[in-house]
Amino acid sequence: MMMNYDVLIVGGGAAGFFTAINLAENNPKLKIAILERGKEVLTKVRISGGGRCNVTHACFVPNELVKFYPRGEKELKGPFHKFCSGDTIEWFEKHGVELKIENDGRMFPVSDSSQTIIDCFVSATKQLGIEVLTGQSVQSVFKGEGYWKVETNHQNFKCEQLVMATGSNPKIWELIRSIGHSIIEPVPSLFTFNIKDARIKDLMGVSALASVKVKDSKLKASGPLLITHWGMSGPGILRLSAWGARELADKNYQFVLQVNWLNEIDFESALETLKELKEENAKKQVIKFCPFDFPKRLWESLLLASGIFSETKWADLSKKQLTDLTNQLTNGQFQVNGKSTFKEEFVTAGGINLREVDFKTMESKLHEKLYFAGEILNIDAITGGFNFQNAWTGGYLVAKAISGSA
């Protein structure tokens, strides 16, 4: 049995629902269906932001917002000028969901529950008559004369306009490849570093504002660094993993990480500070006074790594000990052996080649009436609501284009 629709949206996630709702509101006469392969829809929305759903980020200038996207920065400038974070806030308020801004710029529903976003989307699709069909695993995509045919494990569908919004789905990427699109092979984008090192062994939970760099590479980042039981995490590490996704994959996640625990304080400045302290606090124990804004437990660990013990006084420090300590503080070398996924939020770098997409409409440059939205494209961002913002913006543009008002 063939099911006929004006618009078929493959993918029951954030981008798929947002596209469908905007489409139906722009043109209520359209017959629209969402196909979801799983038993439930919006599963990634449910777990995002620790179950609170990090909807977007309070960065309202398109040219600044794009800087949070390791892949897609250039392409998203135009789209963000049409639908940016402020538009997202207005859209959700219009649909009964008030958002709040946290200190770090992340934005969540006031309810602090992702269920609020899910309920908003599900309620809107019901009110607008959008069909949501679950358990529909797409097996093939065929382009006919003026129509698209989609075959799932249960039935066949025919539509005039086809929207692919499946996120990082290898099977769908293969189907897209089969109709001529090129796929940038996916690699993990957001991940933490596995490090076994005596200096951080018993420091789980300790955090410091640091700058990090991959040795013998141009890759570097800065931000809060969190020591975990498996190694290092936190925003600084995640930024490095995002921008270095491909390079670190090529290294098989085996590399030396250089850590400046003092962030922007360089070797010479740190050494000068330590020399001054040696003169001013000659009779005091080194372990009892840390001159930097720095976790005490980490200070003690780096002292030990520099051959400075608990009873050592400042006056007793040798030139070598001062140099070693300064190196530990500003250029600590840590061997990384592998990675771990960041929470449940598995983000990949990879997807449909961006050169094959018209970013004014999100339409394929190879096939008319085929559109893409969300992470199915080779676009990804760091954590903070940016990946969702890409989904909202893409869905908005697709809806505008199909509705004939682009």
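Higher on the page you've got the structure.
Below, the structure is looked at part by part. None of these values were measured; they are calculated from a predicted model. Starting from 1, residues in each chain are numbered consecutively following that chain's sequence as written. Given that the model is predicted, a residue must reach a pLDDT of at least 70 before its local features are reported, and side-chain atom pairs must reach 80 or more before they are shown or counted; all residues, however, enter totals for whole chains, interfaces and linings. Just so you know, side-chain values use all the structure's heavy atoms and leave hydrogens and water out.

1. Some details on the overall build of the protein chain
Of regular secondary structure, the protein chain possesses 13 helices and 21 strands. Seen along its three principal axes, the alpha-carbon backbone of the protein chain occupies a region of about 85 × 40 × 35 Å. By residue count, 54% of the 406 residues in the protein chain fall in the buried class. For this analysis, residues touch if any pair of their heavy atoms sits within 4.5 Å. For the protein chain, contacts bridging at least 24 residues in sequence account for 73% of all contacts bridging at least 6. Surface exposure of the protein chain reaches about 18,300 Å², of which carbon and sulfur atoms provide 49%. When charges are counted, Lys and Arg are positive and Asp and Glu negative, with His and the chain ends excluded. For charged residues, the charge sits on one atom: NZ in Lys, CZ in Arg, CG in Asp, CD in Glu. For the protein chain, the separation between the mean place of its 48 positive charges and that of its 46 negative charges on side chains is 3 Å. Helix and strand assignments follow DSSP, with helices taken as H or I runs no shorter than four residues and strands as E runs no shorter than two, numbered in order from the N terminus. When accessible area is computed with a 1.4 Å probe and restricted to protein chains, residues below 20% of their type maximum are described as buried, those above 50% as exposed, and intermediate ones as partly exposed. Surface accessibility in these figures is a Shrake-Rupley result with a 1.4 Å probe; residues are shielded only by whichever protein chains are displayed.

2. Structural notes on helix α13 (residues 386-402)
Multiplying 1.5 Å by the helix residue count minus one yields the expected span of that helix. Under the 1.5 Å per step criterion, the end-to-end length of α13 is 25 Å for 17 residues, consistent within 8% with the ideal 24 Å. The buried fraction of α13 amounts to 15 of the 17 residues, a majority that puts the element mostly inside the structure.

3. Quick look at helix α12 (residues 319-330)
If you check α12, its first and last C-alpha atoms are 17 Å apart, about what 12 residues at 1.5 Å a residue would give, namely 16 Å. Every buried residue belonging to α12 is among Q321, L322, L325, T326, Q328, L329 and T330, and all of these are buried. Check the buried side of α12 and you find it contacts β15 (254-260), α10 (267-280), α11 (296-305) and β16 (332-337).

4. Comments concerning unusual backbone geometry
In this structure, C53 is a non-glycine residue whose phi angle is positive, near 65°. Its place among the elements puts C53 in the loop between α2 (43-51) and β3 (56-57). Relative accessible area serves as the criterion here: at 0%, C53 is assigned to the buried category. A positive phi angle, near 60°, is found at D112, a position not held by glycine. With respect to the helices and strands, D112 occurs in the loop between β5 (106-109) and α6 (114-128).

5. Here's the deal with the sheet that holds β16
DSSP calls a pair of strands paired once it identifies at least 2 bridges connecting them. Strands sit in the order β16-β15-β12-β13-β14-β11-β17 across an open sheet of seven strands; the sheet is antiparallel. One side of each edge strand has no neighbouring strand; the edge strands of this open sheet are β16 and β17 (339-341). Between one strand axis and the next, the sheet turns through 40° on average, direction left out of account. Pairing analysis gives six bridges linking β15 to β16, with the strands arranged antiparallel. Angular values range over 0 to 180 degrees, each being the angle between N-to-C directions of two axes fitted as lines to C-alpha atoms, with helices fitted over their stretch in contact.

6. Considerations on the environment of K201
Note that K201 resides in the loop between β11 (191-194) and β12 (207-214). The exposure class assigned to K201 is exposed, which follows from its relative accessible area of 59%. Between the C-alpha atoms of K201 and H229, which are 28 residues apart in sequence, the distance is 7.4 Å.

7. Quick look at the pairing of strand β8 (residues 148-152)
The side-chain alternation of β8 yields one buried face, formed by W148, V150 and T152, and one unburied face, formed by K149 and E151. With five bridges joining them, strand β7 (residues 138-143) and β8 adopt antiparallel strand pairing. Paired with K143 across the strands is W148, a residue of β8. What sits between the antiparallel neighbours β7 and β8 is a turn of four residues, in which G146 has the positive phi angle 85°. Bridging between β8 and strand β9 (residues 156-164) involves four bridges; their strand directions are antiparallel. Each residue of the ladder has a partner; that of V150, found in β9, is F157. The antiparallel hairpin formed by β8 and β9 contains three residues in its connecting segment.

8. With respect to the pairing of β15
Counting buried positions along β15 yields five of seven residues, so the element is predominantly enclosed. As paired elements, β12 and β15 share four bridges and run antiparallel to each other. Counterpart to S211 in the pairing with β15 is N260.

9. Some points on the packing of α10 against α12
Contact geometry of α10 with α12 gives a least axis separation of 9 Å together with a crossing angle of 135°. Accordingly, the angle class assigned to the pair α10 and α12 is oblique. α10 and α12 meet at a crossing whose hand is right-handed. Contacts between α10 and α12 involve F267, A270, L271, L274, K275 and K278 from the first element and L322, T323, L325, T326, N327, L329 and T330 from the second. Charged means Asp, Glu, Lys or Arg here, nonpolar means Ala, Val, Leu, Ile, Met, Phe, Trp, Tyr, Cys or Pro, and polar covers whatever is left, Gly included. Looking at the contact of α10 with α12 residue by residue, the class counts come to seven nonpolar, four polar and two charged. Note on angle classes: values under 35 degrees are labelled roughly parallel, values over 145 roughly antiparallel, values of 65 to 115 roughly perpendicular, and the remainder oblique. Throughout, a crossing is termed right-handed when the near helix is turned clockwise from the far one, and left-handed when it is turned anticlockwise from it by less than a right angle.

10. Examining the packing of aromatic side chains
Stacked, edge-to-face and tilted are the three classes for Phe, Tyr and Trp ring pairs, Trp counted by its six-membered ring, which pair at centre distances within 6.5 Å; planes under 30 degrees apart are stacked, over 60 edge-to-face, the rest tilted. For the structure shown, the criterion picks out 20 aromatic pairs. Between F83 and Y396 the ring centres are 4.5 Å apart and the planes differ by 25°, which places this aromatic pair in the stacked class. You can see F83 sitting in the loop between α4 (77-82) and α5 (85-94) and its partner Y396 sitting in helix α13, a full 313 residues away along the chain. On the basis of an interplanar angle of 85° and a centroid distance of 5.3 Å, the ring pair of F193 and F255 is categorised as edge-to-face. Placement of the pair is F193 in strand β11 and F255 in strand β15, with a sequence separation of 62 residues.

The analysis is restricted to geometry; functional conclusions fall outside its scope.
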